[in-house]
2 protein chains.
Amino acid sequence: MPVGTKATVKGVLPRDLRELGATMILANTYHLHLRPGEDVIARLGGLHKVMAWDGPILTDSGGYQVFSLGHLAKVDEDGVSLKSVVDGAAVRLTPESVIDIERKLGADVAMAFDHCPSDPTDRAQVAAAVARTHGWLGRCVRRHREHGGEETGQALFPIVQGGIFEDLRRESVASALEHGCVGHAIGGVSVGESREWARAAVELSAPLLPADRPRYLMGVGTPEDFFDAIERGVDLFDCVTPTRHARNHRAFTSQGEINLRNARWREDTSPLDPTCGCTCCRNYSRGALRHLCTSDEMLGGMLLTLHNLSFFFELMRRIRTAIFEDRLAELRRDVLATIG
Amino acid sequence: MPVGTKATVKGVLPRDLRELGATMILANTYHLHLRPGEDVIARLGGLHKVMAWDGPILTDSGGYQVFSLGHLAKVDEDGVSLKSVVDGAAVRLTPESVIDIERKLGADVAMAFDHCPSDPTDRAQVAAAVARTHGWLGRCVRRHREHGGEETGQALFPIVQGGIFEDLRRESVASALEHGCVGHAIGGVSVGESREWARAAVELSAPLLPADRPRYLMGVGTPEDFFDAIERGVDLFDCVTPTRHARNHRAFTSQGEINLRNARWREDTSPLDPTCGCTCCRNYSRGALRHLCTSDEMLGGMLLTLHNLSFFFELMRRIRTAIFEDRLAELRRDVLATIG
């Protein structure tokens, strides 16, 4: 899923997202609650209308923002008090209010409101967050049912926490499974912990989640992360990397990552990635892209966004085919050997 | 012509420009000379390749930049010394160097290097600029011929100056016509003079230029300006207004200009312009656009750019049809009555 935090995947027209192969996209409950507000979005016809996107939309619940805002957020048993990044105003989120917001937004998949602990290696903190996430999930499920539940076409995905601790991950999975939801997410992974621990957390959680329902790994990641997670049974990802890197003029290519501002591309007439068939690679040389990027022209970020998304979607298409043809390990070797 | 100063019409993919109906676009000699430099563009295959644009490209000569840089530019009989807006370095432009640059860029229409006086009402200054522009034109034509002239597929357009003075405009037209060029431009008009004087300058110059060759009015303008100029026989325009206004979240509509940041559009579910069929108007409400604009999302400027260009192209299509059907005055009345 490309990330459209504030109801737009930055720098891309929906038509181009579709052409690139995007099916489901992500938006953010916390950011949209602040601006323009869920009531405004509802009056404008809901998130699909506002985003001009007729495919599925998943809304992140704001739990991750509580983590990323750090000391600006205060967690208590009932919910979270935090400050608006727009105007500094006090904001209160509870499991019930988050589900209400996601309902008004018109999300196809509403994420449960979880507590993502700031240090995944601090056992006491993680244990408390797992317990709180469990309690909050029950409240999310009740509120979601009050709105009509899945019958209305809106799914609710619980989020598994547990940091780097095997028993706490198991406990969190068990509590997530109590509610028979149609899909499940693994959270608390892309929070600054080491790669090894992140892999271990996925390895612990993913196989315990039902294989006949989507398993969604939140906020991950790089091509290597995708292979790691997919080998453990993960189906769904979101990550800002392709779009954010693009706006910083960094491109993913079949030969590895490159920075288009680098002077070495100044007179380079070759395409960004000779193996890619996207609008950017079909029409522009690295030298032309470098000019757009060093001149800080919008078109530089726009073209690299198209390319990076194309790169990620193409990788996912190849992975899907490899799974069906039972040669995922081989593809992993080939891809990681060339991108370095 | 949409304006693509630095080798990109800001915020639009060439594919979308084409779909909107753009045929010819403009780029700027002075800006591209500074960055990335005409030699780099030549090595990258020329401006068409760099811009991914296979239609005609006209390059402005830098004369207007000399005007707009004001005291940063020093004009002498041989040429102009000015400072780079990129890094403050000294830059020297002469009629010969400008034609050399436009040749290396690969422009389809190279504009002659003119002297655009800073005050179109200062007779002594304007008279000197007309004389200088005349001398420089001769040098441009010679240099252009040394490169193979029009036979190579590159046209050279002289620029008529003369400020607000009838005799000086006549004198400048006469000197422009000496060279039998395939098209002619009227310059020195969009330089801060009053609307009335600007109209008078066009009224003086345009009818004196050959009707069987394009008459290009530089840097103009608004829908009303277009009607004024077209009634006098002008064929070709360039203006940053549609794209620049769009990035400032101002939109041209059939009901007049509106600012999308305005709170009144917050919950407005109607399209930006109900009479418009562009991507923006087909897919987004004013409320959704306002959210994108107040959140400073790239997509806001991108969508308004598509719309504003669509508005200008559609106006031009209607004007062309009206000319063929001999009802230009009627169309003018209808259009100006609704846009106010």
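As shown above, the structure is provided for reference.
Residues numbered from 1 in each chain as written. Chains lettered and ligands numbered in written order. Predicted model: local features only at pLDDT ≥ 70, side-chain atom pairs only at ≥ 80, totals over all residues. Heavy atoms only, no water.

Chemist: Would you explain the layout of surface pockets in this entry?
Modeler: Gaps left between atoms are located by rolling a probe of water-molecule size over the structure's atoms. Residues and elements named next belong to chain A. In this structure, the largest pocket spans a volume of roughly 990 Å³. If you tally residues by element for the lining of the largest pocket, the top one is helix H11 (residues 241–247), at 5 residues. A breakdown of the residues in the lining of the largest pocket according to their chemical character gives 18 nonpolar, 18 polar and 14 charged. (1 Å grid on protein atoms, 1.4 Å probe; cavity = no way out; pocket = protein on both sides within 12 Å on 5 of 7 lines; lining within 4 Å. Points joined across faces, edges and corners; volume = space filled by probe spheres on them. Helix = DSSP H or I, 4+ residues; strand = E, 2+ residues; numbered from the N terminus. Nonpolar A, V, L, I, M, F, W, Y, C, P; charged D, E, K, R; others polar.)

Chemist: Help me understand the interface of chain A and chain B in this model?
Modeler: Interfaces are frequently sized by the accessible area removed from exposure as the parts join. With 41 residues of chain A in contact, the opposing surface of chain B contributes 41 residues. Carbon and sulfur atoms make up 61% of the surface buried where chain A meets chain B, a total of about 3,600 Å² over both sides. The largest share of the area that chain A buries against chain B comes from Leu44, His291 and Met298 of chain A, three residues that together contribute 17% of it. At the boundary of chain A with chain B, the tally comes to 8 salt bridges. For the pair chain A and chain B, the number of links is 13 residue pairs in polar contact (both at pLDDT 80 or more). Looking at the side of chain A that touches chain B, the elements that each hand over two or more residues are helix H1 (14–20), helix H3 (38–43), helix H4 (47–51), helix H13 (286–294) and helix H14 (298–324) of chain A. (Contact = heavy atoms within 4.5 Å. Buried area = accessible area lost by both parts, 1.4 Å probe. Salt bridge = Lys/Arg side-chain N within 4 Å of Asp/Glu carboxyl O. Polar contact = N/O pair within 3.5 Å; in protein donor to acceptor, adjacent residues only side chain to side chain.)

Chemist: I'm lost on helix H6 (residues 95–105) of chain B in this one. Help?
Modeler: The α-helix advances 3.6 residues per turn, and as a result positions three or four apart in sequence lie on the same side. Within H6 of chain B the residues assigned to the buried category are Pro95, Glu96, Val98, Ile99, Ile101, Glu102 and Leu105 of chain B. Of the residues one or two after H6 of chain B, Gly106 of chain B is the one with positive phi, at around 85 degrees. (Buried < 20%, exposed > 50% of the residue type's maximum accessible area, 1.4 Å probe, protein only.)

Chemist: In this structure, what is going on with the sheet that holds strand E10 (residues 215–217) of chain A? I would like to understand it.
Modeler: Strands pair in a sheet through their backbones, by hydrogen bonds, and they do so in one of two ways: parallel or antiparallel. Residues and elements named next belong to chain A. A sheet is described by the order of its strands in space; here 4 strands give the open sequence E8-E9-E10-E11, paired in parallel fashion. For this open sheet the edge positions go to strand E8 (159–160) and strand E11 (236–237), each flanked by a neighbour on one side alone. In this structure, E10 lies alongside E11, joined through 2 bridges in parallel fashion. By the bridge assignment for E11, Tyr216 is matched with Leu236. (Pairing = 2+ DSSP bridges.)

Chemist: I tried to follow the sheet that holds strand E2 (residues 57–60) of chain B on my own but got confused; where do I start?
Modeler: All names here are of chain B. The strand order E1-E2-E6-E7 describes an open sheet built from 4 strands, whose pairing is parallel. The open sheet has two edge strands, strand E1 (25–28) and strand E7 (155–157), and neither has a second partner. In this sheet, neighbouring strand axes are inclined to one another by 25 degrees on average, regardless of whether the strands run parallel or antiparallel. Two strands pair when backbone bridges link them, and strand E6 (residues 109–111) and E7 are joined in this way by 3 bridges, in the parallel orientation. Bridge pairing in E7 places Val109 opposite Ala155. Contacts between H6 and the sheet are confined to E2, E6 and E7, with E6 contributing the most and set at about 160 degrees to the helix. (Axes fitted to C-alpha atoms, helices over the stretch in contact; angles between N-to-C directions.)

Chemist: Quick question: what am I supposed to make of the relation of the copies chain A and chain B here?
Modeler: Look at the two chain copies: a rotation about an axis and a shift along it is all it takes to match them. Note on the identical chains: chain A maps onto chain B by a rotation of 180 degrees and an axial translation of 0.0 Å, with an RMSD of 0.0 Å. Interpreted geometrically, this transformation is the action of a two-fold axis. Within chain A, the C-alpha atom positioned nearest to the axis of rotation is that of Met298 of chain A, 4.0 Å from it. Both copies contact each other with a shared surface, as 100% of the interface residues of chain A are interface residues in chain B too. (Least-squares fit on C-alpha atoms with pLDDT ≥ 70 in both.)

Chemist: How should I be thinking about the packing of H6 of chain B against helix H7 (residues 123–146) of chain B in this particular structure?
Modeler: The geometry of a pair of packed helices is captured by two quantities: the angle between their axes and the separation between those axes. Residue and element names in this part refer to chain B. Where H6 contacts H7, the two axes come as close as 8 Å, and the packing angle between them is 40 degrees. Comparing the axis directions of H6 and H7 gives the class oblique. Between H6 and H7 lies a crossing whose hand is right-handed. Residues Pro95, Glu96, Ile99, Asp100 and Arg103 of H6 form the contact with H7, whose own contacting residues are Trp136, Arg139, Cys140, Arg143 and His144. Considered class by class, the residues forming the contact of H6 with H7 number 4 nonpolar, 1 polar and 5 charged. (Parallel < 35°, antiparallel > 145°, perpendicular 65-115°, else oblique. Left-handed = near helix turned anticlockwise from the far one by under 90°.)

Chemist: Explanation requested: the environment of Gly149 of chain B in the structure shown.
Modeler: Structurally, Gly149 of chain B is set in the loop between H7 and E7. Using a relative accessible area of 7% as the deciding quantity, one classes Gly149 of chain B as buried.

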